[in-house]
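# Commentary on secondary and tertiary structure
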Number of protein chains: 2
Amino acid sequence: MLLKLCLLFTWMASGTEVALEDLSAALVAEITGEKLISQFDHLATHSDCSRPGVTRLVFSERDVEARDVIKKWMREAGLSVREDVMGNTFGRWEGSDSTAGIVMTGSHSDTVVLGGPYDGALGTLGAIAAVGALQKLGFKPVKSIEAIMFTTEEASRFSIPCLGSQGMTGFLEPEVLDTFKDENGTSFVEAANAVGYSAKTAQEYADKALLKNPGDIAAFVELHIEQGPALEAEGKDIGIVEAIMAPSLVRIKFTGKGGHGGGMPMSYRNDPSLAASELALRIEEAALATGAAETVATVGLWDQQPNIYNAVPRSVLLDIDIRDSDKARRDGVIKKTLDAAEEIAEKRKCGHTKELKFEYPVATCDEKVLNAIQTAADLVGAKSKRMISRAYHDAAFMAQIAPTAMIFVPSKNGLSHHPDEHTAPKDLARGVQVLALTIAQLSGPSSAAVSDKSEL
Amino acid sequence: MLLKLCLLFTWMASGTEVALEDLSAALVAEITGEKLISQFDHLATHSDCSRPGVTRLVFSERDVEARDVIKKWMREAGLSVREDVMGNTFGRWEGSDSTAGIVMTGSHSDTVVLGGPYDGALGTLGAIAAVGALQKLGFKPVKSIEAIMFTTEEASRFSIPCLGSQGMTGFLEPEVLDTFKDENGTSFVEAANAVGYSAKTAQEYADKALLKNPGDIAAFVELHIEQGPALEAEGKDIGIVEAIMAPSLVRIKFTGKGGHGGGMPMSYRNDPSLAASELALRIEEAALATGAAETVATVGLWDQQPNIYNAVPRSVLLDIDIRDSDKARRDGVIKKTLDAAEEIAEKRKCGHTKELKFEYPVATCDEKVLNAIQTAADLVGAKSKRMISRAYHDAAFMAQIAPTAMIFVPSKNGLSHHPDEHTAPKDLARGVQVLALTIAQLSGPSSAAVSDKSEL
């Protein structure tokens, strides 16, 4: 029924009305894995590690190179490029009605240490490729279309994710730009200044990054690899993301008196590494105890000091990622974690500190944007499923200010944040085809599937 | 009875026979905490971290500076200085009978990362101070006395302890000098060459470091801080070390497929950090299960990758220090550790590797050297106890080739390998007084306490 309605959709190409299904066929022919893969391979050369891994931390030399490449590709796709104060980079294609709002699509280009080539890059290069294909096929948008590259979605340099999208959407607390330093003690403000961004204070970054007219964004769509195993396991091509899980970061530090590994008898010790080991197992237990597959908890960072075989540890700092599609359930695991830390520290006579570094909201996606993605997936012949995003994305912040949804493609073995992260070229292409057809619907004339454009 | 016999001991000072108890009184007056502390403070400035910590890794710029200082102080104490191929540094005071053998005493000057000012330094500077005091008081040794500084007792740079004393005593397997690299991938041979040591291969280092006439060493004495809490807890001033515990290093690496901390459901994970947490608790259990206070096991190093809060770990490498005064009991804990690693890896579907990096012998100290220390401790009025060394020392290798014993002084709170490592100046002084009086007995004419000088 939905598909049937969509076939009524039309768009203007060289003055002729063309059915959406014809546009779909043209996009499938135009957007191929072969073309895309050479761009991903090129971008992956701007990396501080050897392939297959990619390491590109925000405002590193490699990141600045990658930004230049992306701006060049935006210009080659006919987009007019501008950057905001934080380095969020926009490539604009002016629509026929400049008052009709903006359809925005994009993702990030920074990576974790030893990450892969597609996390972020797919949505960033995919946005440019989708726009390029639509232009080549003569599509004329009514709303303006903007491809965007967000600054530092990854927390790999400054411990806090999505700084660019937090800045644009008013969620950025300026003090985090000063408080969280990279491993060399450099703050975001210092790092941004070092590569030529000119705002001098955290407050100035936050003030100037904030979108002046967030209501202008009629829709936001982010294409991304799944970073989980569900699509592959179920034989699906496209995930239509209707919610993004609510993440949180808990930091626990246990301390003890340390001592020589030979000299200090077991009975005199208060070894923080053993306290941390107990806590890690208790956190796993708490996550499993909800019975919900959406509850995940990860002791991702384990920093043990002095970290030499013959010294009893003096401190262990743990960064613990806890997230869920249900905020109350997530908060229950956070509470169990904090309580267990206290109980274990008391039992083992260790010192401890507890800190809830952040807890972000659940993002709920917009039905009309979801419908446009569904229509696009059906038209390109993709097997799709509605799903939640377990990973957090810039889309989660955009969803707080604009109608938003995400498009997922399969991740081989569910891997991401990993050098072996992989998505087959045909799946990359299918994602970009669906994205192109989605933004065509959202930016073009109204249709049965996207009937109320004023809301988009 | 023992003390009474000792009073018969005499030594030659300016041609006059003087009773050992008079020498003792003179040494107590001469060797003071005030004089010593300024030398320790000076040495501690040659450090790659700020006080109170000391970081001085072998063949670093700071270590080379410290070596120059120590050689200067040896020369100022009237010693003739020579270095062997590995940088073991000897300061010789020629005895009246050049065929009577050598009384050797010393320790190391390198430290762990964020160690303290006395671990190693006490025995090294203490040897020079003891010799200096004996010279000043006109003591004339029959046997030659050598103060020694051993190269890299700590495993902090190359993962393997006591490289210098292993080389001197024939325990050094040359391949370890090539195999074990520092964190920058530099081998011992490369690091030694970089600061001017000229041997070009590991084999050449091992061959040339080996003592040509180990039988010449009539006695070896090492003064050291206890690095444990026993002396302080029992209100003793001096520990007389009759055995050195047998250490071992087990390296276990768990691996898993990793993944995104949000994207990867709990049920898909094989998280190596959770395997490592289980193992750490099992190792603690195994060490406690022997019921012996001498059994200790420490998960000192925990290297988790990629070590970012939102990535499921892909690998965790553990370095585990297991030691005991009883070799069979220690080997039992090693076996339980290896078995538990295998069982946990299987249960959690993790990959794993196991490696026994080293297992050193128990060292048994020599009764005549122990008796000389006992006499000295009694004469200076120190409350002493016979004990074992839980920490490993160059003395453990020297004990395999020469009559050996160690002198311990208290460590505040049992702390070592720690910036808060502390020994009171009066305790430092008492240790050096006992050392001086011990080497006086061992190098001087025979006495009731050290009756058979040919065996020393």
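Residues numbered from 1 in each chain as written. Chains lettered and ligands numbered in written order. Predicted model: local features only at pLDDT ≥ 70, side-chain atom pairs only at ≥ 80, totals over all residues. Heavy atoms only, no water.

Okay, the overall build of chain A next. When you go through chain A residue by residue, the secondary structure sums to 15 helices and 15 strands. Along the three orthogonal principal directions, the C-alpha set of chain A runs to about 85 × 50 × 40 Å. Evaluated residue by residue, chain A yields a buried proportion of 64% over its 456 residues. Contacts in chain A between residues far apart in sequence, at least 24 positions, make up 77% of those at least 6 positions apart. (Helix = DSSP H or I, 4+ residues; strand = E, 2+ residues; numbered from the N terminus. Buried < 20%, exposed > 50% of the residue type's maximum accessible area, 1.4 Å probe, protein only. Contact = heavy atoms within 4.5 Å.)

Right, let's get into the packing of helix α4 (residues 61–76) of chain A against helix α5 (residues 121–136) of chain A. Residue and element names in this part refer to chain A. Closest axis-to-axis distance for the α4/α5 pair is 9 Å, and the angle between their directions is 20°. By the criterion of interaxial angle, the relationship of α4 to α5 is roughly parallel. For the crossing formed where α4 meets α5, the hand is left-handed. Residues I70, W73 and M74 of α4 form the contact with α5, whose own contacting residues are T124, L125 and I128. Residues that form the contact of α4 with α5 fall into these classes: five nonpolar, one polar and no charged. (Axes fitted to C-alpha atoms, helices over the stretch in contact; angles between N-to-C directions. Parallel < 35°, antiparallel > 145°, perpendicular 65-115°, else oblique. Left-handed = near helix turned anticlockwise from the far one by under 90°. Nonpolar A, V, L, I, M, F, W, Y, C, P; charged D, E, K, R; others polar.)

Residue and element names in this part refer to chain B. With 16 residues, helix α5 (residues 121–136) extends 22 Å from end C-alpha to end C-alpha; this agrees with the ideal 22 Å at 1.5 Å per step. Of all 16 residues that make up α5, 13 are buried, and the element is covered over most of its length. Phi for G138, located one or two positions after α5, is positive at around 85°. (Expected span 1.5 Å × (residues − 1).)

So, on to the interface of chain B and chain A. Chain B puts 69 residues into the contact, and the matching count from chain A is 68 residues. Around 5400 Å² of area is buried between chain B and chain A when both sides are counted, 60% of it from carbon and sulfur atoms. Considering only the surface of chain B that becomes buried against chain A, H260, M266 and Y309 of chain B emerge as the three largest contributors, covering 15% of it. Along the contact surface separating chain B from chain A lie two salt bridges. The residue R348 of chain B makes a salt bridge to E284 of chain A at a minimum N-O spacing of 2.8 Å. Where chain B meets chain A, there are 18 residue pairs in polar contact (both at pLDDT 80 or more). Among the secondary structure elements, those contributing two or more residues to the side of chain B that touches chain A are α11 (272–289), β10 (296–305) and β11 (315–324) of chain B. Ranked by the residues each element gives to the side of chain B that touches chain A, the list is headed by α11 of chain B, at nine residues. Looking at the side of chain B that touches chain A, its residues break down into 35 nonpolar, 23 polar and 11 charged. (Buried area = accessible area lost by both parts, 1.4 Å probe. Salt bridge = Lys/Arg side-chain N within 4 Å of Asp/Glu carboxyl O. Polar contact = N/O pair within 3.5 Å; in protein donor to acceptor, adjacent residues only side chain to side chain.)

A few words on the domain arrangement of chain A. How big an interface is tends to be expressed through the accessible area that disappears when the partners come together. Residue and element names in this part refer to chain A. Under the domain assignment, chain A is made up of domain 1 (2–245 + 362–455) and domain 2 (247–359). Taking only C-alpha atoms, the centre of domain 1 and the centre of domain 2 are 35 Å apart. Facing the 10 residues of domain 1 at the interface are 12 residues of domain 2. In total, about 880 Å² of surface goes out of reach between domain 1 and domain 2, with carbon and sulfur atoms giving 67% of it. Ranking the residues of domain 1 by area buried against domain 2 places M245, V362 and R390 at the top, with a combined share of 53%. At the surface where domain 1 touches domain 2, the tally comes to zero salt bridges. Where domain 1 packs against domain 2, one counts two residue pairs in polar contact (both at pLDDT 80 or more). Its residues placed into classes, the side of domain 1 that touches domain 2 shows eight nonpolar, one polar and one charged. (Domains from an automatic or database assignment.)

With that out of the way, let us pick up the side chain of T105 of chain A. Residue and element names in this part refer to chain A. Note on placement: T105 falls in strand β5 (residues 102–108). According to the relative accessible area criterion, T105 is buried, its value standing at 0%. Ignoring anything within four residues of it in the chain, the contact list for T105 reads A127, E146, A147, I148, F220, V221, L435 and I439.

Take the side chain of R56 of chain B next. Residue and element names in this part refer to chain B. Within the fold, R56 resides in the loop between α3 (33–44) and α4 (61–76). Buried and without a salt bridge, R56 has D63 as its closest oppositely charged side chain, separated by 4.9 Å. In terms of polar contacts, R56 uses its side chain to reach the backbone carbonyl oxygen of L43, at 3.0 Å. Not counting the four nearest positions on each side in its chain, R56 is found in contact with L43, A44, H46, R62, D63, A66, S109, D110, T111 and V112. (Lys, Arg positive; Asp, Glu negative; His and termini not counted.)

In the superposition of chain B on chain A (RMSD 0.1 Å, axial shift 0.0 Å), the rotation amounts to 180°. Taken together, the rotation and translation describe the operation of a two-fold axis. Minimal C-alpha separation from the rotation axis in chain B is found for S277 of chain B, amounting to 2.1 Å. The residues that chain B uses at the interface reappear at the interface of chain A in 99% of cases, marking a shared surface. (Least-squares fit on C-alpha atoms with pLDDT ≥ 70 in both.)

Applying the stated criterion across every chain, the model contains 27 aromatic pairs over all chains. Their ring planes at 80° and their centres at 5.0 Å tell us that Y360 of chain A and F397 of chain A sit as a pair that is edge-to-face. One end of the pair, Y360 of chain A, is in the loop between β12 (351–359) and β13 (363–364); the other, F397 of chain A, is in helix α14 (residues 394–398), with 37 residues separating them in the sequence. On the basis of relative accessible area, F397 of chain A is assigned to the buried category, the value being 0%. Between the aromatic rings of F59 of chain B and F188 of chain B, the centroid separation amounts to 5.4 Å while the plane-to-plane angle is 55°, which identifies the pairing as tilted. Residue F59 of chain B is located in the loop between α3 and α4, and its partner F188 of chain B is located in helix α8 (residues 188–194); the two are separated by 129 residues in the primary sequence. Take F59 of chain B and F188 of chain B: they sit in the same class, and that class is buried. Of the aromatic side chains, those joined through ring pairs into one cluster are F171, F358, Y360, Y392 and F397 of chain A together with Y309 of chain B. Across from the ring centre of F90 of chain A, 4.2 Å away, lies the NZ or CZ of R82 of chain A, which sits over that ring. (Phe/Tyr/Trp six-rings, centres within 6.5 Å; stacked < 30°, edge-to-face > 60°. Lys NZ or Arg CZ within 6 Å of the ring centre and 35° of its normal.)

Glancing now at the pattern of salt bridges. Under the counting rule described, the total for this entry stands at 70 salt bridges over all chains. Between R386 of chain B and E242 of chain B there is a salt bridge; the shortest N-O distance is 3.2 Å. Linking R386 of chain B in strand β14 (residues 384–389) with E242 of chain B in strand β8 (residues 238–244), this pair joins segments that are 144 residues apart in sequence. Note on E242 of chain B: relative accessible area 32%, which makes it partly exposed. A single network of salt bridges, built from pairs that share partners, joins D48, E61, R62 and E65 of chain A.

On to the environment of I344 of chain A, then. Residues and elements named next belong to chain A. Among the structural elements, I344 can be located in helix α12 (residues 327–347). The spatial distance from the C-alpha of I344 to the C-alpha of E294 is 27 Å, given a sequence separation of 50 residues. Apart from the residues within four sequence positions on either side, I344 is in contact with A275, E278, L279 and R282.

Here the focus is the sheet that holds strand β12 (residues 351–359) of chain B. All names here are of chain B. The strand order β10-β11-β9-β12 describes an open sheet built from four strands, whose pairing is antiparallel. Only two strands of the sheet have a single partner each, and these edge strands are β10 and β12. Here the strands of the sheet are splayed against their neighbours by 15° on average, with no regard to which way each runs. Bridge count for β10 against β11 is nine bridges, and the pairing is antiparallel. Of the residues in β11, the one forming a bridge with T298 is D321. (Pairing = 2+ DSSP bridges.)

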